[in-house]
Amino acid sequence: MLEEEFGITVIFKKTQTLGDILLKKGRSIEKQHRKNIIYSIPCKDCPKKYVGQTTGTLRKRCKEHENWCKKKYKSKILKSTKKNDGIAFHHHQTGHTINFANTKILGEEENYWRRLITEGLEIKKLPITKRANMQSGYEIDPCWDNMLKYREPEHQGRYMLLFSSYMMLNNR
Ligand SMILES: [Zn+2]
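1. Side note on helix 6 (residues 112–125)
- The first and last C-alpha atoms of helix 6 sit 20 Å apart over 14 residues, in line with the 20 Å expected at 1.5 Å per residue.
- Summarising burial for helix 6: ten of the 14 residues are buried, a large majority.
- Inspection of helix 6 places Arg-114, Arg-115, Ile-117, Thr-118, Glu-119, Gly-120, Leu-121, Glu-122, Ile-123 and Lys-124 among the buried residues, and these make up the whole buried set.
- Looking at the packing, one finds that the buried side of helix 6 touches strand 1 (35–42), strand 2 (49–57), strand 3 (104–108), helix 7 (146–149) and helix 8 (156–169).

Next up, the structure:
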């Protein structure tokens with residue numbers, strides 16, 4: 001009827017089934033409990049993102065970030081010279097809301113150095129204007145920048161090769 005009268009086509013969205021919801025919930029629970037990960041947390045009010053790594057679970061690390069975002073820590077975070085919680089610093093400095101619900105897992109590495117280097121690469125991948133990190137993370141010489149181009153699933157083989165060469169040459 002709408003279509004006839006106003007030339008509007010109504011598209012009905014497929015309704016979410018219980019199975020869809022449970023599957024989605026299951027995945028997010030699984031994500032919350034993964035360990036040794038490199039993750040990113042976006043800001044809701046600007047294009048900045050924070051990249052971090054943790055040996056613990058994503059859930060525990062996010063709780064820590066959220067905790068430092070509390071009002072009572074504002075002056076402590078803003079005055080801190082360590083600047084190791086970029087996400088809380090960004091929140092307190094700008095008043096922006098952090099989009100914790102959209103935290104993404106960027107990688108999983110059990111080995112400490114591999115995790116640190118992956119974090120450094122992920123920070124490097126972000127243009128400076130989009131970084132909420134106060135520190136650039138593990139410094140990787142620009143001659144390895146090529147490696148960044150291959151950090152996508154379809155180039156996994158090439159990425160692993162470059163990454164292994166990097167680890168070997170740097171004695172990690
Ligand atoms: Zn922001």
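Okay, back to it.
2. Some remarks on the sheet that holds strand 2
- Strand order across the open sheet formed by three strands is 2-1-3, with antiparallel pairing between neighbours. The sheet is open, and its two borders are formed by strand 2 and strand 3, each paired with just one other strand. Geometrically, the sheet is characterised by an average inter-axis angle of 30 degrees between neighbouring strands, direction not taken into account.
- As paired elements, strand 1 and strand 3 share four bridges and run antiparallel to each other. Counted as the bridge partner of Ile-38 is Gly-107 from strand 3.
- Sheet strands in contact with helix 3 (residues 58–68) are strand 1, strand 2 and strand 3, and its direction is about 125 degrees off that of strand 2.
- Against the sheet, helix 6 makes contact with strand 1, strand 2 and strand 3, and its axis sits at roughly 165 degrees relative to strand 2, the strand it touches most.

3. Considerations on the pairing of strand 2
- Here strand 1 pairs with strand 2 via seven bridges, running antiparallel. Bridging across to strand 2, Tyr-39 finds its partner in Gly-52.
- Joining the antiparallel neighbours strand 1 and strand 2 is a turn of six residues.

4. Regarding the environment of Glu-108
- In this structure, Glu-108 sits in strand 3.
- When the 14 C-beta atoms within 10 Å are taken as the criterion, Glu-108 is described as partly exposed.
- Considered as a pair, Glu-108 and Gln-53 are 55 residues apart in the sequence and their alpha carbons are 9.2 Å apart.
- Contact partners of Glu-108, with chain neighbours within four places excluded, come to Arg-34, Asn-36 and Ile-37.

The rules behind the values
Residues numbered from 1 in each chain as written. Predicted model: local features only at pLDDT ≥ 70, side-chain atom pairs only at ≥ 80, totals over all residues. Helix = DSSP H or I, 4+ residues; strand = E, 2+ residues; numbered from the N terminus. Expected span 1.5 Å × (residues − 1). Buried ≥ 20, exposed ≤ 12 C-beta atoms within 10 Å, placed from the backbone. Contact = placed C-beta atoms within 7 Å. Pairing = 2+ DSSP bridges. Axes fitted to C-alpha atoms, helices over the stretch in contact; angles between N-to-C directions.

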